[in-house]
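Commentary on secondary and tertiary structure
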Amino acid sequence: MTLPLPESFALTLRGYDRDQVDERIDELLTEIRLLTADRDAAVAEAENLARRLEQARSDNAALRARADRLCRTPADPAAVGDRVRHLLELAHAEADGVVAAARHRAAAIVREAEETADRRLEDARARAAGEADYARRRAEHLAAVERRTADRLRKIDAFLAEAAELLEADTPLHAVA
């Protein structure tokens, strides 16, 4: 909360207007008291938070130590009271149930993965067989085309050879007909 400073105090016969100066000083003193109170409250809150943080850290360390101690030494049902023994037996039974359920789920996942793998393998084999059949048919077709082309080339070669013989014999073309 900042109060605006007057640009100047009114001039009177002997300097500044005393009432105006006193009023401004009172305003500034009030603002200083408010700021001081806010600062003191913030410091007190920070100290309170620091104490709470230290307490939380201490509690956390104690809980960690307790958890470590409990985790290191498994409880023996014979060494505890009936109520605790019953709770431990229930916990063991629940743990066994969780383990059994996890094993069952794992077996189901493995079975599902194997079935998926088998399906994909069969699909791949079917695609491979189809591709191989297509390649075989294509090769047979190309071989047939090659045979026909070779036969035509032989006929063309024979025709060209016959034409060359006729040209070499100097036989007039009308006499050949």
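Residues numbered from 1 in each chain as written. Predicted model: local features only at pLDDT ≥ 70, side-chain atom pairs only at ≥ 80, totals over all residues. Heavy atoms only, no water.

**Details of the overall build of the protein chain**
A tally of helices and strands in the protein chain yields three helices and two strands. Its helices and strands taken in sequence order, the protein chain reads β-β-α-α-α from the N to the C terminus. In the protein chain, buried positions account for 3% of the 177 residues. When the accessible area of the protein chain is evaluated, it comes to approximately 15800 Å², of which 58% is carbon and sulfur surface. (Helix = DSSP H or I, 4+ residues; strand = E, 2+ residues; numbered from the N terminus. Buried < 20%, exposed > 50% of the residue type's maximum accessible area, 1.4 Å probe, protein only. Areas by Shrake-Rupley, 256 points an atom, 1.4 Å probe, with all protein chains shown as cover.)

**Regarding the pattern of salt bridges**
Overall, the coordinates contain eight salt bridges when judged by the stated rule. Each of Asp133, Arg136, Arg137 and Glu140 takes part in a single network of salt bridges with overlapping partners. (Salt bridge = Lys/Arg side-chain N within 4 Å of Asp/Glu carboxyl O.)

**Concerning a negative patch on the surface**
Side chains of Asp19, Asp22, Glu23 and Asp26 sit close together on the surface and give a patch of like negative charge. Mapped onto the elements, Asp22 comes out in helix 1 (residues 18-72). (Patch = residues over 30% accessible without salt bridge, like charges linked within 9 Å, V, L, I, M, F, W, Y side chains within 5 Å. Lys, Arg positive; Asp, Glu negative; His and termini not counted. Charge placed at Lys NZ, Arg CZ, Asp CG, Glu CD.)

**With respect to helix 2 (residues 82-168)**
The first and last C-alpha atoms of helix 2 sit 125 Å apart over 87 residues, in line with the 129 Å expected at 1.5 Å per residue. Taken together, the buried positions of helix 2 are Leu88, Ala108 and Ala144. (Expected span 1.5 Å × (residues − 1).)

**Quick look at the confidence of the model for the protein chain**
In the predicted model, the protein chain carries a mean pLDDT of 82, and 82% of its residues have values of at least 70. For the protein chain, per-element mean pLDDT is lowest for helix 3 (residues 173-176), which scores 55, and highest for helix 2, which scores 87. (pLDDT = per-residue confidence, 0-100.)

**Thoughts on a nonpolar patch on the surface**
On the surface, Leu153, Ile156, Phe159 and Leu160 cluster together into a nonpolar patch covering about 420 Å² of accessible area. Summarising the element assignment, Ile156 is placed in helix 2. Judged by its relative accessible area of 44%, Ile156 falls in the partly exposed class.

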